[in-house]
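In case you want the letters, here they are:
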Amino acid sequence: MTSPGNHHDELPNHNEATPLVGMDIRMFSDAGFDMDRVSLKRNMSVAELYEEAIRKEGAVISSSGALINFSGKKTGRSPKDKRIVYEETSKDHIWWGPVNIKLDEHTFEINRERAIDYLNTREDIYVFDGFAGWEPRYRIKVRVICARAYHALFMHNMLIRPTREELEHFGEPDFIIYNAGQFPANRFTTGMTSSTSVEINFKRREMVILGTEYAGEMKKGIFSVMHYLMPVKYGQLSLHSSANQGEKGDVSVFFGLSGTGKTTLSADPSRMLIGDDEHVWSDHGVFNIEGGCYAKCIGLNAEKEPEIFEAIRFGSILENVTYDKDTREPDYDDASITENTRCAYPIHYIPHAKIPCIADAQPSNVIMLTCDAFGVLPPVSKLTSEQAQYHFIAGYTSKTPGTEDGVVEPSPTFSTCYGQPFIVLPPQRYATMLAERMSHVKCNAWLVNTGWTGGKFGVGRRCPLKYTRAILDAIHDGSLANAEFEVFAPGVFDLQVPKAVNQVPTELLDPSKAWSDKAAFEAELKKLAGMFSDAFVKYEKEVKPEVLRAGPSTKRA
């Protein structure tokens, strides 16, 4: 299928003699672009985009060769400004509410025209045509239209880069992003709450960005599109997950929120990386949606994350990372602009990436990662189908004191399907599909706690990474599935925990035995179970009774 590469097809405006190649100029004219004035630059090479970003946007080249650029006022996603157009083709599918805010079609048209009007004021407009989804049967053609070279380079990295032949025969895109992020939305327009608006229209197959230059909005916008299209149009399961594959062909899918180890643990040197963030579990196997990675950089160093560190080279983009003015050395410990410093790079910059990013095998293991700072959950538990659905919908982890202002004790975080901001359909729909696929292929489900043991944060210690890796090794080689299990917290959590795991101290496997203060453990156990129950209330009417019963409960104790 597609292979990584750089292709340049700069398009002059339509009254020049050079014929347009691979792109129908009528689409731009019909959309309202002033083709007598603007110059369309399509799929420029990395080097050319570097030059444009340096000359026009003040970007600099870091000491490692990566491009350093900045997103302005917005340094992260704006979930409260994300909207989906309420229209007849999709309205009955969408999970409407605070995650997916309704927008009327007329307001979308106003903002779309506002975006194109702004793009018409630019002399140069950058166009990138690429694919979302490595599997040809399910991939979609995406066209990005933007005013910043940095945004074009970002999507060059994050989408799948077409070959020259694919680019020449690209045809009509399946989805278009109009990124006019430098220009604000009119906050007095009906439906607007600020000068930022990120809007998706499934009927028009378009996305409009106003009032934010944060590049991640484009990446997550396309993920939201795939989160809708894959289940609704193709009957395939889209997942906010990482995935890897062993030498024998076995595939593991990892779920986990920030800080749980999803990226670190899936980047196993003994296994091939399929991808670190967005996948589809199809009828034929697992494939990555993206052509690149978008890694956090805060605190990055060569010892802790060698593969990411080495991927920051020519072609990569460092976003909102400060640097030494003389040496151009990035300062990964500086959070003065934002804690959310990032690097975007093509996935083939990772040495053991599987190119193309497709596994023609069904997953053997689904691994749900959590970082439990309350010290209650076992380092590993084997889940039933109903428990897997429950924990998938719950999407639990916890924040530790010091991670945010005002957090003085562990606090729970529940993000449904391990990616609530990007969920488009009701969570139960994804959970049911997950359970059906797991049952069909007899896939094992595991809850792995990378958090605290022997006590909560401040009392116990975080489970050493070497033990978590040993647990994953036992999952991957099949030995853990055949282990002897016992019930942890009967009547409360009812989790199956192994009595022994190779190279892991036995006393760590059952938290009730690892805590020296048994009364304190019981108190935290019931406290966390109550937090699960409280968070799950909003899903009670949507899930099957057996799924609800599979969750933690203080009533059964």
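Residues numbered from 1 in each chain as written. Predicted model: local features only at pLDDT ≥ 70, side-chain atom pairs only at ≥ 80, totals over all residues. Heavy atoms only, no water.

- The name given to the protein chain in an unreviewed UniProt entry is Phosphoenolpyruvate carboxykinase (ATP), and the organism recorded there is Malassezia sympodialis.
- Taken verbatim from the UniProt record of the protein chain, the Sequence similarities (unreviewed entry) comment is "Belongs to the phosphoenolpyruvate carboxykinase (ATP) family." (UniProt positions renumbered as here; feature names shortened; annotations may be inferred.)

## Description of the overall build of the protein chain
So, point 1. When you go through the protein chain residue by residue, the secondary structure sums to 15 helices and 30 strands.
So, point 2. Relative to the compact-globule value of 24 Å for 557 residues, the protein chain shows a C-alpha radius of gyration of 24 Å, a close match.
So, point 3. In terms of principal-axis extent, the alpha carbons of the protein chain reach across some 80 × 55 × 45 Å.
So, point 4. In the protein chain, which comprises 557 residues, the share counted as buried stands at 59%.
So, point 5. Within the protein chain, residue pairs in contact and separated by at least 24 positions form 73% of the contacts whose partners lie at least 6 positions apart.
So, point 6. Between the centroid of the 62 positive side chains of the protein chain and the centroid of its 74 negative side chains there is a distance of 4 Å. (Helix = DSSP H or I, 4+ residues; strand = E, 2+ residues; numbered from the N terminus. Rg over C-alpha atoms; globule rule 2.2 N^0.38 Å. Buried < 20%, exposed > 50% of the residue type's maximum accessible area, 1.4 Å probe, protein only. Contact = heavy atoms within 4.5 Å. Lys, Arg positive; Asp, Glu negative; His and termini not counted. Charge placed at Lys NZ, Arg CZ, Asp CG, Glu CD.)

## As for the side chain of Glu 87
So, point 1. Mapped onto the fold, Glu 87 is located in the loop between β5 (82-85) and β6 (101-103).
So, point 2. Of the buried charged residues, Glu 87 lacks a salt bridge, with Lys 203 as the closest side chain of opposite charge at 5.0 Å.
So, point 3. A polar contact of 2.5 Å, which involves the side chain of Glu 87, links it to the side chain of Ser 90.
So, point 4. Filtering out sequence-adjacent residues up to four positions away, Glu 87 remains in contact with Glu 105, Asn 201, Phe 202 and Lys 203. (Salt bridge = Lys/Arg side-chain N within 4 Å of Asp/Glu carboxyl O. Polar contact = N/O pair within 3.5 Å; in protein donor to acceptor, adjacent residues only side chain to side chain.)

## Quick notes on the layout of surface pockets
A probe matching the size of a water molecule, rolled over the atoms, marks out where space remains unfilled.
So, point 1. Within this model, the second largest pocket holds a volume of roughly 330 Å³.
So, point 2. Of all elements in the fold, only α1 (25-31) and β9 (175-180) reach the threshold of two or more residues within the lining of the second largest pocket.
So, point 3. At four residues, the largest contribution of residues to the lining of the second largest pocket is made by α1.
So, point 4. In terms of residue class, the lining of the second largest pocket is built from eight nonpolar, three polar and eleven charged. (1 Å grid on protein atoms, 1.4 Å probe; cavity = no way out; pocket = protein on both sides within 12 Å on 5 of 7 lines; lining within 4 Å. Points joined across faces, edges and corners; volume = space filled by probe spheres on them. Nonpolar A, V, L, I, M, F, W, Y, C, P; charged D, E, K, R; others polar.)

## Some words on the pairing of strand β12 (residues 237-240)
So, point 1. Neither face of β12 is exposed, since Leu 237 and Leu 239 on one face and Ser 238 and His 240 on the opposite face are all buried.
So, point 2. Pairing between β12 and strand β16 (residues 278-282): four bridges, direction antiparallel. The partner of Ser 238 across the bridge, within β16, is Val 280. (Pairing = 2+ DSSP bridges.)

## Re the domain arrangement of the protein chain
When the parts of a complex come together, some accessible area is lost, and that lost area is often used as the size of the interface.
So, point 1. You can read the domains of the protein chain as domain 1 (21-73 + 80-236 + 283-349) and domain 2 (362-550).
So, point 2. Its C-alpha centre places domain 1 at a distance of 34 Å from the equivalent point of domain 2.
So, point 3. Taken together, the contact pairs 21 residues of domain 1 with 17 residues of domain 2.
So, point 4. Of all residues in domain 1, Trp 95, His 227 and Pro 231 bury the most surface against domain 2, accounting for 39% of the area lost on that side.
So, point 5. Our count for the domain 1 to domain 2 interface comes out at one salt bridge.
So, point 6. With its nearest N and O atoms 3.3 Å apart, the salt bridge here joins Asp 283 to Arg 437.
So, point 7. Where domain 1 packs against domain 2, one counts nine residue pairs in polar contact (both at pLDDT 80 or more).
So, point 8. Contributions of two or more residues to the side of domain 1 that touches domain 2 are made by β5, α6 (216-234) and β17 (285-288).
So, point 9. Of the residues forming the side of domain 1 that touches domain 2, the biggest block, seven residues, is contributed by α6.
So, point 10. A breakdown of the residues in the side of domain 1 that touches domain 2 according to their chemical character gives ten nonpolar, eight polar and three charged. (Domains from an automatic or database assignment. Buried area = accessible area lost by both parts, 1.4 Å probe.)

## Focus on helix α10 (residues 427-441)
An α-helix turns once per 3.6 residues; consequently, residues spaced three or four apart project the same way.
So, point 1. The terminal C-alpha atoms of α10, which comprises 15 residues, lie 22 Å apart, in line with the 21 Å expected from a rise of 1.5 Å per residue.
So, point 2. Just beyond α10, the residue with positive phi is Lys 442, at close to 55°. (Expected span 1.5 Å × (residues − 1).)

## Some thoughts on empty space enclosed by the protein
So, point 1. According to the stated counting rule, one finds three cavities of 30 Å³ or more in the structure shown.
So, point 2. When its volume is computed, the largest cavity comes out at roughly 110 Å³.
So, point 3. Taken together, 13 residues form the lining of the largest cavity, with Arg 77, Lys 82, Glu 217, Lys 220 and Pro 421 sitting closest to its centre.
So, point 4. If you tally residues by element for the lining of the largest cavity, the top one is α6, at four residues.
So, point 5. One number sums up the size of the second largest cavity: a volume of about 60 Å³.

## A few points about the packing of helix α9 (residues 385-394) against helix α14 (residues 518-536)
So, point 1. Packing of α9 against α14 leaves a shortest axis separation of 10 Å and a crossing angle of 75°. Taken together, the axes of α9 and α14 are roughly perpendicular relative to one another. Along its contact with α9, which presents Tyr 390, His 391, Ile 393 and Ala 394, the element α14 presents Phe 532, Ser 533 and Phe 536.
So, point 2. Residues belonging to the contact of α9 with α14 are distributed by class as follows: five nonpolar, two polar and no charged. (Axes fitted to C-alpha atoms, helices over the stretch in contact; angles between N-to-C directions. Parallel < 35°, antiparallel > 145°, perpendicular 65-115°, else oblique.)

## Remarks on the nonpolar core
So, point 1. With 131 residues, the main nonpolar core has Met 155, Met 368, Phe 392 and Phe 493 as its most contacted residues.
So, point 2. Top contributing element to this core by residue count: α6, with eight residues.
So, point 3. The residue makeup of this core includes at least three contributed by each of domain 1 (21-73 + 80-236 + 283-349) and domain 2 (362-550).
So, point 4. Membership of the second largest hydrophobic core comes to 26 residues, among which are Phe 33, Leu 40, Leu 103 and Ile 116. (Core = buried A, V, L, I, M, F, W, Y, C linked by side-chain atoms within 4.5 Å.)

## Notes on unusual backbone geometry
So, point 1. Along the chain, Ile 355 connects to Pro 356 via a cis peptide bond; the corresponding omega equals -5°.
So, point 2. With respect to the element layout, Pro 356 can be found in the loop between β20 (342-346) and β21 (358-359).
So, point 3. Despite not being glycine, Lys 442 shows a phi value in the positive range, around 55°.
So, point 4. Mapped onto the elements of the fold, Lys 442 is located in the loop between α10 and β26 (444-449).
So, point 5. The exposure class of Lys 442 is exposed, given its relative accessible area of 72%.
So, point 6. Not every positive phi belongs to a glycine, and Ala 489 is a case in point at roughly 50°.
So, point 7. A relative accessible area of 12% places Ala 489 in the buried class.

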